[in-house]
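Breakdown of the fold
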Amino acid sequence: MKKINVDEHHGICRTVDELGRLGFPKELREHLDIQARDKVEMIAGENYIILKKHQETCVFCMERTEDLIPFREKLLCASCLEELCGLTADNRAQDA
Ligand SMILES: [Zn+2]
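Keep in mind that this is a model prediction, so the values were computed, not measured. (Residues numbered from 1 in each chain as written. Predicted model: local features only at pLDDT ≥ 70, side-chain atom pairs only at ≥ 80, totals over all residues. Heavy atoms only, no water.)

**A closer look at the pattern of salt bridges**
Inspection of every chain in the model, using the stated rule, returns three salt bridges. Linking D33 and K53 is a salt bridge whose minimum nitrogen-to-oxygen distance equals 3.9 Å. Of this pair, D33 sits in the loop between α1 (26-32) and β1 (40-44) while K53 sits in strand β2 (residues 49-53), and the two are 20 residues apart along the sequence. For D33, a relative accessible area of 44% corresponds to the partly exposed category. (Salt bridge = Lys/Arg side-chain N within 4 Å of Asp/Glu carboxyl O. Helix = DSSP H or I, 4+ residues; strand = E, 2+ residues; numbered from the N terminus. Buried < 20%, exposed > 50% of the residue type's maximum accessible area, 1.4 Å probe, protein only.)

**Examining the confidence of the model for the protein**
Counting all residues, the mean pLDDT for the protein is 85, and 90% of those residues have values of 70 or more. The spread of mean pLDDT over the elements of the protein runs between helix α2 (residues 78-95), the lowest at 85, and strand β4 (residues 74-76), the highest at 94. (pLDDT = per-residue confidence, 0-100.)

**Some points on a nonpolar patch on the surface**
A cluster of nonpolar side chains, V16, L22, M42, I49 and L51, forms an exposed patch at the surface whose accessible area comes to about 500 Å². Turning to its location among the elements, M42 is positioned in strand β1. Judged by its relative accessible area of 65%, M42 is exposed. (Patch = residues over 30% accessible without salt bridge, like charges linked within 9 Å, V, L, I, M, F, W, Y side chains within 5 Å. Areas by Shrake-Rupley, 256 points an atom, 1.4 Å probe, with all protein chains shown as cover.)

This is how it looks when you write it as structure tokens:
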């Protein structure tokens, strides 16, 4: 990972263009391994915005794992899927 040279007090300053776009400096893209078409999350505070590389998480436990399972346009981890399947099996047993 390439070390970035960021002024601790002022960060990196960029100008927003007329369409509201903002360019990421190459050093930051390399530092966070952000490629073209990657998703970036914007988290707004009262007077600041945090930009964070988006990472897919399980819809239930928010766990970040390489093995997320797509289901109805959502992603589940194996642990939550197993738990859901157990709940479903329990419900079927109670209904019988
Ligand atoms: Zn999960």
